[in-house]
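Topology and contacts: notes
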Amino acid sequence: MSVLVWIEQSQSGVVANSWEVLGQGRKLADALGTSLAAALIGSDTSAAAEEARTYGADSVLTLTSPALAQYRLSGYAAALKQAVAESGATVLLAAATTRGRELTAMLAAELDAGLAPDAIDLRIENGSLVAVRSVYSNNILTDVTFSSPLQVASVRPRSFPMPEAGAASGEVKAVAVTMSDGDIKEQVVAMKSADNSEVSLTDASKIVSGGRGVSQDPEKGFVLVTELAATLGAAVGASRAAVDAGYVPYKHQVGQTGKTVKPDLYIAAGISGAIQHLAGMGSSKVIVAINKDAEAPIFERATYGIVGDLYEVLPALTSELKKRLGK
Amino acid sequence: MKVVVLVKQTPDTAELPKVAAEDVRAGKVKATMVINPWDEYAAEEAILLGDRFDADSVAISMGTPESADALKHALAMGVGAAALVDSSDVSGGDLFTTAGALAAAVQAQGDVDLVLTGKQSVDDNSGAVFAGVAAKLGWPLVSGVSKIVDIADGRISVERLVEGGQETLSVPLPAVVSVGKEINDPRYPSFMGIRKAGKANIPATPAGIAANSGKTQWTNIRKPEERKSKCTMIDGASAQEKAAKLADALIADKVI
Ligand SMILES: Cc1cc2nc3c(=O)[nH]c(=O)nc-3n(C[C@H](O)[C@H](O)[C@H](O)COP(=O)(O)OP(=O)(O)OC[C@H]3O[C@@H](n4cnc5c(N)ncnc54)[C@H](O)[C@@H]3O)c2cc1C
Ligand SMILES: Nc1ncnc2c1ncn2[C@@H]1O[C@H](COP(=O)(O)O)[C@@H](O)[C@H]1O
């Protein structure tokens, strides 16, 4: 028996949210009295395997093959299935990134296991996993209990703290992978890397978002939003109205039909606080609303509110924070 | 070529905050029900593929007979035909039992080349039913597709956004593809379309799922706690003064 966590690698190394899941995996394994295993899949897993040893895994299973150089769902699912068998996993976890979500879903479906997608909390009760999910677009919470021997969950990024790295322990075990390129149905025809200088929204601990409130001079408005974000080391978000108006690309959209985010600090400038926007950011720790309309619904959900013109408040805040943060 | 689009009937997003925990528990949510907004993109893409590749399109939904409006919406947009998987008798199922019944309904359509789905449902938020459908059918899955580049020689090539970039993938048909909102702008049904859909006869087949065959159960269904802290309004004579007070508060809260 074991708790198994898939550690996701991207071109720029291990996806940090995987360590959050591994950290919680340690607690679950301790509660179950079983061991914690990490699975690494790719063409080169040695550096990431060393790192996994420092985050508390009892064993690190490496599944390496040239055929696994690029993430492809069917190939990675087959490899992860081997890891499940090898470790005798009863709990399988991964960070709920695009890939983590589809991989856990595919594996659960193929292994006839129960699945809790995008879980926000995990615990053990009576020797079995219980996952907490946020459903109805963050308007209902539910516990998910399992009646299958294998229990699978993907875990929403930033649901658990980043564990502290410790002394490397745990053994690295190479699991023989026999698959060849021809066994994998998908071909990667092209891969374009995103601009790495931007902080990704779902990983961000701070986000500054702009809405239709910038319509008077959208270009300047988003420059002000971006300057405040840069000062804070924050990601730039937006409401759907701002995206639909073409002020910023869709990848910045927060909300129901955009990204669900959970930063420590969310600053909303010129955003009214529509239900569909709140669905994506309502669980942020501290919410700051900047709006010239004192009656805007965003103030009902905000921690701090400033009634004022964002063209004045944003630059004032940027220069104040520059002073405070010594920039 | 034949394309199936999976559409679900879900509560109007504006009414989601009013959904009561006991109604979710009882499986009887009181809200205006509409087509899941994410599935409009899938329906639109099915129609566009019809034009591009001379494909027939069929919308399939699993739900109660009262919930056929999502199918009518798809028909009104221009999807060719519709079929309902009647879930009235289902109890104790989960997302994979839904996926199993939908996969069976896809098979019942005959030679299907492509299944299109939305990114996720606004009620269950699983983003996983399509994976269950793909697994049950044994077909490849590509999720989160932002563009269908081409369909040729028994393969489909698609673009999708993943963390860290954008990839172009090619997979053999038949396949399951879930689409994101970058893929198109769903049309509004035309008046003629609505009239035609209103008269359409939608065949219904029982889901045929054994009781309690789900591997997961929802328990302790509840409303999230209201945020305790009321909003603290930051006042000041000038933007500078407000900014300084806010900075004090954020530093005290240790969020910066
Ligand atoms: C199915 C569906 C899905 C949706 N999904 C999303 C989603 O994912 N994300 C999302 O955000 N929305 C979504 N929406 C849209 C949502 O309902 C709102 O229309 C949208 O969030 C409004 O964006 P906004 O707050 O920027 O614009 P508005 O509601 O127009 O608000 C602009 C605000 O800016 C303020 N303002 C104006 N000028 C200034 C100024 N100079 N200084 C300061 N404040 C100023 C105004 O007082 C106002 O409160 C969805 C809607 C539907 C139906
Ligand atoms: N009951 C259903 N009937 C038809 N399609 C569904 C149903 N449930 C889910 N789907 C499809 O699967 C997608 C993902 O849903 P979910 O996994 O519930 O988030 C949706 O966007 C639909 O396209």
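Residues numbered from 1 in each chain as written. Chains lettered and ligands numbered in written order. Predicted model: local features only at pLDDT ≥ 70, side-chain atom pairs only at ≥ 80, totals over all residues. Heavy atoms only, no water.

With that settled, consider the overall build of chain A. The helix and strand tally for chain A stands at nine helices and 18 strands. Radius of gyration (C-alpha) of chain A: 22 Å, near the 20 Å computed for a compact globule of 327 residues. Its C-alpha atoms put chain A at 60 × 45 × 40 Å along the principal axes. Within the span of chain A, comprising 327 residues, buried residues form 60% of the whole. Counting only contacts in chain A whose residues sit at least 6 apart along the sequence, the fraction spanning at least 24 positions is 63%. Computed over 28 positive and 34 negative side-chain charges, the inter-centroid distance for chain A is 3 Å. (Helix = DSSP H or I, 4+ residues; strand = E, 2+ residues; numbered from the N terminus. Rg over C-alpha atoms; globule rule 2.2 N^0.38 Å. Buried < 20%, exposed > 50% of the residue type's maximum accessible area, 1.4 Å probe, protein only. Contact = heavy atoms within 4.5 Å. Lys, Arg positive; Asp, Glu negative; His and termini not counted. Charge placed at Lys NZ, Arg CZ, Asp CG, Glu CD.)

Turning next to the sheet that holds strand β1 (residues 2-7) of chain A. All names here are of chain A. Spatially, seven strands are ordered β7-β11-β6-β1-β4-β5-β12 in an open sheet, and the strand pairing comes out parallel. The strands lining the two open edges of the sheet, one partner per strand, are β7 (114-119) and β12 (171-174). Strand-to-strand, the axes of this sheet are offset by a mean angle of 20°, without reference to chain direction. As judged from the four bridges shared by β1 and strand β6 (residues 89-95), these two strands associate in the parallel manner. Within β6, the residue paired with Val-5 across the bridge is Leu-93. Set on the sheet, helix α1 (residues 17-32) makes contact with β1, β4 (35-42), β6 and β11 (151-155); between it and β1 the angle comes to about 180°. (Pairing = 2+ DSSP bridges. Axes fitted to C-alpha atoms, helices over the stretch in contact; angles between N-to-C directions.)

Below, the discussion takes up the site of ligand 1. Surrounding ligand 1, one finds 27 residues, the nearest of these being Arg-212, Ser-239, Thr-257, Ser-272 and Gln-276 of chain A. With respect to ligand 1, its neighbouring residues span chains A and B. Within the side chain of Thr-257 of chain A, a nitrogen or oxygen atom sits 2.7 Å from a nitrogen atom of ligand 1. In the environment of ligand 1, an oxygen atom lies 2.8 Å from a nitrogen or oxygen atom belonging to the side chain of His-277 of chain A. (Near = heavy atom within 4 Å. Polar contact = N/O pair within 3.5 Å; in protein donor to acceptor, adjacent residues only side chain to side chain.)

On average, residues of chain B carry a pLDDT of 95, and 99% of them reach 70 or more. Listed scores for the predicted complex are pTM 0.88 and ipTM 0.88. (pLDDT = per-residue confidence, 0-100.)

Reading across from one edge, β15(A)-β14(A)-β16(A)-β17(A)-β18(A)-β13(B) is the order of the six strands in this open sheet, with parallel pairing throughout. Only two strands of the sheet have a single neighbouring strand rather than two, namely β15 (235-238) of chain A together with β13 (232-233) of chain B. In the sheet, strand β14 (residues 206-210) of chain A pairs with strand β16 (residues 265-269) of chain A via five bridges, with the strands oriented parallel. Residue pairing for β16 of chain A: Val-208 of chain A is matched across the bridge by Ile-267 of chain A. Sitting on the sheet, helix α5 (residues 218-232) of chain A is in contact with β14, β15 and β16 of chain A, with an inclination near 175° to β14 of chain A. Against the sheet, helix α9 (residues 310-324) of chain A contacts β16, β17 (286-291) and β18 (304-307) of chain A, and its axis sits at roughly 135° relative to β17 of chain A.

The final tally for this structure, using the stated rule, is five aromatic pairs over all chains. On the numbers, 6.3 Å between centres and 40° between planes, the contact of Trp-6 of chain A with Tyr-71 of chain A is tilted. Taken together, the residues Trp-6 of chain A in strand β1 and Tyr-71 of chain A in the loop between β5 (59-64) and α3 (73-87) connect sequence positions 65 residues apart. With centroids separated by 6.5 Å and ring planes inclined at 45°, the aromatic side chains of Trp-38 of chain B and Tyr-41 of chain B adopt a geometry described as tilted. Residue Trp-38 of chain B and its partner Tyr-41 of chain B are located together in helix α2 (residues 37-53), separated by three residues, close to a single helical turn. (Phe/Tyr/Trp six-rings, centres within 6.5 Å; stacked < 30°, edge-to-face > 60°.)

Turning our eyes to something else, we now look at the pairing of strand β9 (residues 165-172) of chain B. Burial analysis of β9 of chain B places seven of its eight residues in the buried class, the great majority of the element. Of the pairings in the sheet, the one linking strand β13 (residues 187-193) of chain A to β9 of chain B comprises six bridges and is antiparallel in character. Paired with Lys-192 of chain A across the two strands is Gln-166 of chain B, which belongs to β9 of chain B. Pairing geometry for strand β8 (residues 155-162) of chain B and β9 of chain B, over eight bridges, is antiparallel. In the strand pairing of β9 of chain B, Glu-159 of chain B is matched with Thr-168 of chain B. Taking the residues between adjacent antiparallel strands as the criterion, β8 of chain B and β9 of chain B are bridged by two residues, where Gly-164 of chain B takes a positive phi near 90°.

This brings us to the pattern of salt bridges. If you walk through the whole model with that rule in mind, you get 24 salt bridges over all chains. Arg-123 of chain A serves as the salt-bridge partner of Glu-125 of chain A, at 2.7 Å between the closest nitrogen and oxygen. Relative accessible area serves as the criterion here: at 28%, Arg-123 of chain A is assigned to the partly exposed category. Among the salt bridges present, the one from Glu-320 of chain A reaches Arg-324 of chain A, with a minimum N-O distance of 2.9 Å. Placement of both Glu-320 of chain A and Arg-324 of chain A in helix α9 is noted, with a separation of four residues, approximately one turn of the helix. Taking relative accessible area as the criterion, Arg-324 of chain A reaches 33% and is therefore assigned partly exposed. Each of the salt bridges in this network shares a partner with another, and the network as a whole consists of Arg-99 and Glu-102 of chain A together with Arg-160 and Glu-167 of chain B. (Salt bridge = Lys/Arg side-chain N within 4 Å of Asp/Glu carboxyl O.)

Once that is clear, we can look at the interface of chain B and chain A. The figure often quoted for interface size is the accessible area lost as the parts come together. Contact with chain B, which involves 79 residues of that partner, is made by 80 residues of chain A. When chain B packs against chain A, close to 6800 Å² is buried across both sides, 57% of that on carbon and sulfur atoms. On inspection of chain B and its partner chain A, the count reaches five salt bridges. Notably, a salt bridge pairs Asp-248 of chain B with Arg-324 of chain A, separated by 2.7 Å at the nearest N-O pair. (Buried area = accessible area lost by both parts, 1.4 Å probe.)

Right, let's get into the site of ligand 2. Residues and elements named next belong to chain B. Near ligand 2, the surroundings consist of 22 residues, among which Leu-6, Asp-39, Ser-121, Gly-127 and Ala-128 are the closest. Here Gly-118 contributes a backbone N or O atom positioned 2.9 Å from an oxygen atom of ligand 2. Contact between ligand 2 and Val-129: an oxygen atom at 2.9 Å from a main-chain N or O atom of the residue. When isolated, ligand 2 has an accessible area of 480 Å², and the protein chains bury 98% of it. Put simply, the parts of the chain that give the shell around ligand 2 at least two residues each are β4 (56-63), α4 (95-108) and α5 (129-137). Top contributing element to the shell around ligand 2 by residue count: β4, with three residues. Of the residues belonging to the shell around ligand 2, the class tally is eight nonpolar, ten polar and four charged. (Areas by Shrake-Rupley, 256 points an atom, 1.4 Å probe, with all protein chains shown as cover. Nonpolar A, V, L, I, M, F, W, Y, C, P; charged D, E, K, R; others polar.)

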